[in-house]
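Close look at the chain arrangement
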Number of protein chains: 2
Amino acid sequence: MININRDKPDQNITKKFTQGDNDANKQSITKRSENYSQWFLDIISAADLADNSPVRGCMVIKPNGYAIWEKMQMTLDKMFKKTGVVNAYFPLFIPISFLSKEAEHVEGFATECAVVTHHRLEKNKNGKMVPAGELGEPLVVRPTSETIIYAMFAKWINSYRDLPILINQWANIVRWEMRTKPFLRTMEFLWQEGHTAHTTREEAHARALQMLEIYRIFAEEYMAIPIIKGTKSESEKFAGAVNTYTIEALMQDGKALQSGTSHLLGQNFAKAFGVKFLDQNGHEQYAWQTSWGMTTRMIGGLIMTHSDDKGLVLPPRIAPIQIVIIPIWASEKDHQEIIQTANSLAKQLQDLDITVKIDDRDMRPGPKFYEWEKKGIPVRIEIGPKDMEKQSILAVRRDTGEKQSATLIGAAEHIRDLLDKIQKDLLEKATKFRDKNIRTADSYEEFKNILEKGGFISAHLCLNPKCETKVKEETKATTRCTPFNQKEELGKCIICGKESKQRVLFARSY
Amino acid sequence: MININRDKPDQNITKKFTQGDNDANKQSITKRSENYSQWFLDIISAADLADNSPVRGCMVIKPNGYAIWEKMQMTLDKMFKKTGVVNAYFPLFIPISFLSKEAEHVEGFATECAVVTHHRLEKNKNGKMVPAGELGEPLVVRPTSETIIYAMFAKWINSYRDLPILINQWANIVRWEMRTKPFLRTMEFLWQEGHTAHTTREEAHARALQMLEIYRIFAEEYMAIPIIKGTKSESEKFAGAVNTYTIEALMQDGKALQSGTSHLLGQNFAKAFGVKFLDQNGHEQYAWQTSWGMTTRMIGGLIMTHSDDKGLVLPPRIAPIQIVIIPIWASEKDHQEIIQTANSLAKQLQDLDITVKIDDRDMRPGPKFYEWEKKGIPVRIEIGPKDMEKQSILAVRRDTGEKQSATLIGAAEHIRDLLDKIQKDLLEKATKFRDKNIRTADSYEEFKNILEKGGFISAHLCLNPKCETKVKEETKATTRCTPFNQKEELGKCIICGKESKQRVLFARSY
C-alpha cells in the first residue's frame, strides 16, 4: 500500500480500504451557498453526530455528537461548581396543578406540553396494546422545572440562614414543537437548568448576571462562538420572569441563535409556591429567585458558526478528539518504525492533556484524511517515511487547511501552541463575521432592505409591544436583545415614530 | 468559644451555634434493631440524601445524594469506556407499537408504563387546564430502551464490519411502581443502560459476562458491597432475554438486593427489529445482543450495607468528600495558626487526590462532629491547640470510631493509607456478614425455619417454574440466582422432590 502523495489523496477507494469507514464517508456535503439548511443536515450526517429517530421530532444523539455534549457538560459543570452551585435531581413529571400556579408560566408552556394520562397498557379486544389506568391528575413531562423545584424550595427554606440555595440539574426536557430540526429545535432535548433563591433582589440579580457571564465565557472561550449579551424584551422574555438576560450568537447564514438565557424571576414564583424565609429581624419574606439554562441546541450553534463545505470544524477546547495522527507507510519495516514514533508523540501530547487518536487502520491515507476532515478534528498529523528521514512531522489545520512541518523534538509543544492558535483564530474569524453583520437602520424602509442581507440590525423601537409585533409579523425578524453597555441614544421608533431611548438588536433567528 | 473536650462534645447547642446547621442535625435516627425501614428513611433524611416529592412515587435526589451518584457515574463511565463502550442518547418516548414488537418484553412492562396521550393543555369551561391535542399513537415513557435503540441499530448495521456496536446511555427511566421507597424503588430513577450487538452468540455472551464483571468490580472495590454473581431463573429473568446474569448483595436486615444485571438477549430483539448484517460470506444474519444496567437503587444498597445507628457510612472510594478537617480553637491566635495548618494539610491531601473539606464554621466542634458523622464522611481530622503543640493531628474513623494520632509530618500519607484500610475493612466486614448469612436447607421445612433468620438460603430446586412460584407465594422468598462456579451437586427439589442438579440461592429481597 503506497500512498505518500499528500496533496492528492487517492480517491479511488477499493472495497478493501473501506473497512471501518461508515456511511459518512460515502456522502457528499451540500454547499452552504446552494442550500444552507441541507448543508447543516449534511454536516450532522457526515460527522455522524445525530440521526432522526422514529419518534416524531426526537433525534438520537450519536456517540460523536454525545462526546461533544459530554465535553460541554464537563466544562460548564466545573464552572458552575466553582461558584458554589451543586447538582441535584428533580422529578420528570409535573402535576398540571403545579404548572398552573404561576399564570404567565403555564400560558407560556401550555401549547407544547406532553401529557401523561395513563399508567399502564392493556390488550384491547383486537389484541392491541392500549393505554389503561387513567390518572386522577394528569402529569406534564417537564418543559422546564421551576414549578416542581420551587415547591421543594418552599419546603427546604425556613430562615435566611438557609439561603442562598444554588442548585443545578442536568436533565432531559420535552417541548412539543411542531417544526423540528436536529439540535436546534427538537421535541426532547438535553440541558442544564440552574435554580437559585436569595434573600435580596440585588443578590438574585447579581447571580443572574454572574451565570450569564459564565455562559459568555463558555461560548466565547470554549465554543469560540462570539456572543452579544443583552436583555430580552417583554414579549420575548421567559414566561414568569421579571427579566430575561440572553447571549445571542450569529450563524453563518445571518440568522441569530439564542444561546443561553438567565432569568431574574423576582418573587413571582416565590409567591406562587410560598418560597418564604424569616429574615434576620424575624419577619417573613418571599425569596428572590433566578433560573438559567443552556441546551444541546448549542451544538447546532457550534456547527453553524465554524463548519465549512468540507464538514464539521471543532474548536480545540471542545473537540472530544483534538489530534489525529495518521501513519503513512510503504513497507512493513516503515510501518513499525512510524507507529513507534506515532505512539511516542501521542504519549507526549497526552502528557500535555491533549486528546489524541492514532488512525492505524489498514486503509489508504486519503480516505482517512477525508473522514477526519468531515468529523472536524482540529489538527491532523501525518508521519510518513520522508518525515522519518527528516525526523519531522506534518501538521494540517482543519480550519484553514494550512500545513506546517515541525521537528519531532518539541513537536508536542508545537502542536499545543497550534491548538491554542486555532482556538483563538476561530473566535477571531467568527467575531469579524459577526461584527461585519451588525448594521444600523434608522427607518422601517431601511430596516427591511438591510434585513435581506442577514445579520443583526440595530434600530430604535419604543416600548409599545404592538410595534415589536408588527415587525415580527411583517418581516419575521424579532428583537434579540437590548445589548448591555450600549450608549444611550435618543431616537425615534422605526414603527410609530415615538421617542425611544435606545436601540434594540433585531434579527431573523433559529 | 472553648471546647477541646473531644470525648464529650458539648450537646447543649445554643441558638448561636446552630448557624449553618440544617434539619439533619436536629433529627434523631431510629435504631436498626427497632425499626429497620424507619432507620433507612432516617438515614436518608439525616444525611440529607433525598426528599419525597409532591409527585407520587418520585423522589428528589438532593445535592448530598446526587454527589454520590456523580461519583458512581464517573467511576462506571470510565470502566465502560476502557472496554470500548461509547455514550449516546436515545428518545425518552417509545411508540406503543415499538414496545409491542417483542411479545415477552411488552408483557413484562405493560403494567407499569406511564403513557403520554396528549401534546398540549387548554383551559376548560371552568378555567382549569386540561389535556388537549390527542396523539394518533400514544407514547410510552421509556421503562427501558431496548426497543427504541434496536430500531436504530437496525438502521445503522449493514455489514459485519459495522459490528460490534457498544453503546451506553445515562438516562432517566419510569416504571409505575405501586409501592415505592426512596432509592430502592421509585417511579422515576436514574440509570445507565448498555446495549451491544455482535456477530456471534459467543461474542455477545462474553460481553454480557464482561459487563457483569465490571459491575462486580464496581460493587466490591468501590462501593465495598460484596456480591454473588449468578444466573436468574426463567421467571426472574429480564422480559425478552435469553439469560439474565445478576450480582446479588445482602443488606443488613438479611434481605437481598439485586444490584446490577446483564442480559444475553440472543437474537430475540434482533428478529423483532430486523437487526441484521451481511456476514463475511455475504449471508444475512441476525445480530446477537446484550443489554446491562445499574441504577440509583445502588445508593440504597450502599446505605443498607454500611450505615449504622449514628448515620450514613460511606466507603472512601465513593465518598464525595473523603476527609473533613475540623479546626478546634480557644483563642483567635490559635485559630489563625490552626487554620493555616489545616489549609496546608488539605493541600497535601488534595495533591494525593483526596477530597477534603475544612469545616471552619463558627460553631462548637460537637455539633460539627455529629453532622459529619451523620453524613458519613469516612475520616474526621481534628486539629486543636494541643495538637499544634505536639505537631500532630487526630484522625477519627467514621466506620469504627477509632481515634489515631499522627504526626503532622507525613500526616497526608498516613491518612491516604487509612482511607485504603477503611475501604478494605468495610468490604471485609460486609463479606463476613454476608458469608455468615448463607445457609443451606435440604427440605422445605428447614427452608421455612431458616428463612426467618434472613440471608440467603441455598437449596435444591427443579426447573419446573411451579415449584419456584409455590415458594414465592408461600414465603415471599424468591430465587436470587444460581451462583456461578458452584460445585455440581445432585439433590432433590425441596418442593416436589424431583431430581435437581444444583442449588439455587433464595432470599426475601428488595
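Just so we're clear, the structure is a prediction, and the values are computed from it rather than from any experiment. (Residues numbered from 1 in each chain as written. Chains lettered and ligands numbered in written order. Predicted model: local features only at pLDDT ≥ 70, side-chain atom pairs only at ≥ 80, totals over all residues. Heavy atoms only, no water.)

1. A closer look at helix α12 (residues 411-436) of chain A
For α12 of chain A, which comprises 26 residues, the first-to-last C-alpha distance of 37 Å matches the rise-based estimate of 38 Å (1.5 Å per residue) to within 8%. What α12 of chain A keeps buried is the set A411, A412, I415, L418, L419, I422, Q423, D425, L426, A430 and R434 of chain A. (Helix = DSSP H or I, 4+ residues; strand = E, 2+ residues; numbered from the N terminus. Expected span 1.5 Å × (residues − 1). Buried < 20%, exposed > 50% of the residue type's maximum accessible area, 1.4 Å probe, protein only.)

2. Focus: the relation of the copies chain B and chain A
With an axial shift of 0.0 Å and an RMSD of 0.0 Å, the rotation relating chain B to chain A amounts to 180°. Such a combination of turn and shift is consistent with a two-fold rotation axis. Using C-alpha coordinates, one finds that chain B approaches the rotation axis most closely at V116 of chain B, a distance of 2.0 Å. By residue overlap, the copies meet face to face through one surface: 99% of the interface positions of chain B are interface positions in chain A. (Least-squares fit on C-alpha atoms with pLDDT ≥ 70 in both. Contact = heavy atoms within 4.5 Å.)

3. Topic: the domain arrangement of chain A
Taken domain by domain, chain A consists of domain 1 (45-306), domain 2 (323-418) and domain 3 (438-507). A straight line from the C-alpha centre of domain 2 of chain A to that of domain 3 of chain A covers 50 Å. (Domains from an automatic or database assignment.)

4. Brief notes about helix α5 (residues 146-156) of chain B
A large share of α5 of chain B lies buried, amounting to 9 of its 11 residues. Here α5 of chain B has its buried residues at E146, T147, I148, I149, Y150, A151, M152, F153 and W156 of chain B.

5. Quick word on the packing of helix α2 (residues 63-82) of chain A against helix α8 (residues 297-306) of chain A
Residue and element names in this part refer to chain A. Packing of α2 against α8 leaves a shortest axis separation of 10 Å and a crossing angle of 105°. As the angle between them shows, α2 and α8 are arranged roughly perpendicular. On the side of α2, the interface is formed by G65, I68, W69 and M72, while α8 contributes M298, I299 and L302. (Axes fitted to C-alpha atoms, helices over the stretch in contact; angles between N-to-C directions. Parallel < 35°, antiparallel > 145°, perpendicular 65-115°, else oblique.)

6. A few points about the pattern of salt bridges
When their charged atoms lie close together, side chains carrying opposite charge are able to pair. The full count for this structure, using the stated rule, is 69 salt bridges over all chains. The shortest N-O distance in the salt bridge between E371 of chain A and R361 of chain A comes to 2.9 Å. With a gap of 10 residues between them, E371 of chain A in helix α10 (residues 365-374) and R361 of chain A in the loop between β16 (356-358) and α10 connect regions that are remote in the sequence. Ionic pairing is found between E445 of chain B and K448 of chain B, a salt bridge with its closest N-O pair at 3.8 Å. Taken together, the positions of E445 of chain B and K448 of chain B, both in helix α13 (residues 444-451) and 3 residues apart, correspond to about one turn of that helix. Look at E445 of chain B and you get exposed, because its relative accessible area is 52%. The exposure class assigned to K448 of chain B is partly exposed, which follows from its relative accessible area of 31%. Ionic contacts of the salt-bridge type, sharing partners, join the residues D359, R361, K368, E371 and K375 of chain A into one network. (Salt bridge = Lys/Arg side-chain N within 4 Å of Asp/Glu carboxyl O.)

7. What to know about the sheet that holds strand β16 (residues 356-358) of chain B
The pairing of strands in a sheet happens through backbone hydrogen bonds and is either parallel or antiparallel. Residue and element names in this part refer to chain B. With respect to topology, 5 strands assemble into an open sheet ordered β16-β15-β17-β18-β19, the strand pairing being mixed. Since the sheet does not close on itself, it has two edges, and those belong to β16 and β19 (403-407), each with one partner. Here the strands of the sheet are splayed against their neighbours by 25° on average, with no regard to which way each runs. Where strand β15 (residues 323-327) meets β16, 3 bridges bridge the pair, whose relative direction is parallel. Considered in β16, the bridge of I325 is made with I358. Sitting on the sheet, helix α12 (residues 411-436) is in contact with β15, β17 (379-383), β18 (392-397) and β19, with an inclination near 10° to β18. (Pairing = 2+ DSSP bridges.)

8. Overview of the interface of chain B and chain A
Listed by partner, the interface residues are 70 residues for chain B and 69 residues for chain A. Contact between chain B and chain A buries roughly 5500 Å² in total, counting both sides, with carbon and sulfur atoms accounting for 68%. For the interface between chain B and chain A, the tally reads 6 salt bridges. Its salt-bridge partner being K155 of chain B, residue D51 of chain A comes within 2.7 Å of it at the nearest N-O pair. At the boundary of chain B with chain A, the tally comes to 31 residue pairs in polar contact (both at pLDDT 80 or more). In terms of residue count, strand β5 (residues 115-123) of chain B provides more of the side of chain B that touches chain A than any other element does, 8 residues in total. A per-class count over the side of chain B that touches chain A returns 43 nonpolar, 12 polar and 15 charged. (Buried area = accessible area lost by both parts, 1.4 Å probe. Polar contact = N/O pair within 3.5 Å; in protein donor to acceptor, adjacent residues only side chain to side chain. Nonpolar A, V, L, I, M, F, W, Y, C, P; charged D, E, K, R; others polar.)

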